[in-house]
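The primary structure of each chain is shown beneath.
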Amino acid sequence: QVQLVESGGGLVQPGGSLRLSCAASGSIFSISVMAWYRQAPGKQRELVAQISSGGTTNYADSVKGRCTISRDNAKNTVYLQMNSLKPEDTAVYYCNANFRRNPGDYFRDLWGQGTQVTVSS
């Protein structure tokens, strides 16, 4: 069974930093795009950042300059370094991976269970 396991969330003061990690495990042949999304209470899930297998990145305007997404392809792991955190960054953060199980398979989406990030004094 393929799964994504996130870690690194928690409570942090405004201006602080957190590093989220997400590891994919199971029967995986390759992963194309890996991404972080977030969902705040009463709001829709939104893209925070994404990274291709070749390292091309894309960020939401709200986090540009404060967050850095990176990945370790050998470990099927994606990271999100978040700095200068603001109360409006409070949300559940979800990892997403677009993967296939074998060369002849189609790509499919996989989601992690989510990790809570709370920015508060």
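These remarks concern the structure in this document.

## Some remarks on the overall build of the protein chain
Argument step 1. Helix and strand counts for the protein chain come out as zero helices and 11 strands.
Argument step 2. Beginning at the N terminus, the succession of helices and strands in the protein chain can be written as β-β-β-β-β-β-β-β-β-β-β.
Argument step 3. For the protein chain, the C-alpha radius of gyration of 14 Å lies close to 14 Å, the compact-globule estimate for 121 residues.
Argument step 4. Considered along the principal axes of its C-alpha atoms, the protein chain spans approximately 50 × 25 × 25 Å.
Argument step 5. The burial tally for the protein chain puts 40% of its 121 residues in the buried class.
Argument step 6. Summarising the internal contacts of the protein chain: among those between residues at least 6 apart in sequence, 56% fall at separations of at least 24.
Argument step 7. Total accessible area on the protein chain stands at roughly 6,300 Å², and carbon and sulfur atoms take up 46% of it.
Argument step 8. Of note, the protein chain has its 12 positive side-chain charges centred 3 Å away from the centre of its 8 negative side-chain charges.

## Digging into the packing of aromatic side chains
Argument step 1. Counted according to the given criterion, the structure contains one aromatic pair.
Argument step 2. A cation over a ring is seen here: R108 above Y106, with NZ or CZ 4.6 Å from the ring centre.

## Some thoughts on the sheet that holds strand β1 (residues 3-7)
Argument step 1. Taken together, four strands build an open sheet; the order of strands is β1-β3-β8-β7 and the sheet is antiparallel. Edge strands, defined here as strands with exactly one partner in the open sheet, are β1 and β7 (67-72). The average angle at which neighbouring strand axes cross in this sheet is 15 degrees, direction not considered.
Argument step 2. Bridging between β7 and strand β8 (residues 77-82) involves six bridges; their strand directions are antiparallel. Among the inter-strand pairings, I69 is bridged to a residue of β8, identified as L80.

## Quick notes on the pattern of salt bridges
Argument step 1. Evaluation of the coordinates by the stated rule reveals five salt bridges.
Argument step 2. Taking the shortest distance from any N to any O, the salt bridge between E46 and R38 comes out at 2.7 Å.
Argument step 3. What makes R38 buried here is its relative accessible area of 6%.
Argument step 4. A salt bridge links D89 to R38, with the nearest nitrogen and oxygen atoms 2.9 Å apart. Of the two residues, D89 sits in the loop between β8 and β9 (91-100) while R38 sits in strand β4 (residues 30-39), which places them 51 residues apart along the sequence.
Argument step 5. Through salt bridges with shared partners, a single network forms among R38, E46, R66 and D89.

## Topic: unusual backbone geometry
Trans peptide bonds make up the majority, and among non-glycine residues the majority have a negative phi.
Argument step 1. Of note in this structure, N76 is not a glycine but carries a positive phi near 50 degrees.
Argument step 2. Mapping N76 onto the fold places it in the loop between β7 and β8.
Argument step 3. Backbone geometry at S84 places phi at a positive 50 degrees, although glycine is not the residue there.
Argument step 4. S84 gets classed as partly exposed once you look at its relative accessible area, which sits at 42%.

Rules of the game
Residues numbered from 1 in each chain as written. Predicted model: local features only at pLDDT ≥ 70, side-chain atom pairs only at ≥ 80, totals over all residues. Heavy atoms only, no water. Helix = DSSP H or I, 4+ residues; strand = E, 2+ residues; numbered from the N terminus. Rg over C-alpha atoms; globule rule 2.2 N^0.38 Å. Buried < 20%, exposed > 50% of the residue type's maximum accessible area, 1.4 Å probe, protein only. Contact = heavy atoms within 4.5 Å. Areas by Shrake-Rupley, 256 points an atom, 1.4 Å probe, with all protein chains shown as cover. Lys, Arg positive; Asp, Glu negative; His and termini not counted. Charge placed at Lys NZ, Arg CZ, Asp CG, Glu CD. Phe/Tyr/Trp six-rings, centres within 6.5 Å; stacked < 30°, edge-to-face > 60°. Lys NZ or Arg CZ within 6 Å of the ring centre and 35° of its normal. Pairing = 2+ DSSP bridges. Axes fitted to C-alpha atoms, helices over the stretch in contact; angles between N-to-C directions. Salt bridge = Lys/Arg side-chain N within 4 Å of Asp/Glu carboxyl O.

Everything listed is a geometric property; what it means functionally is a separate question.
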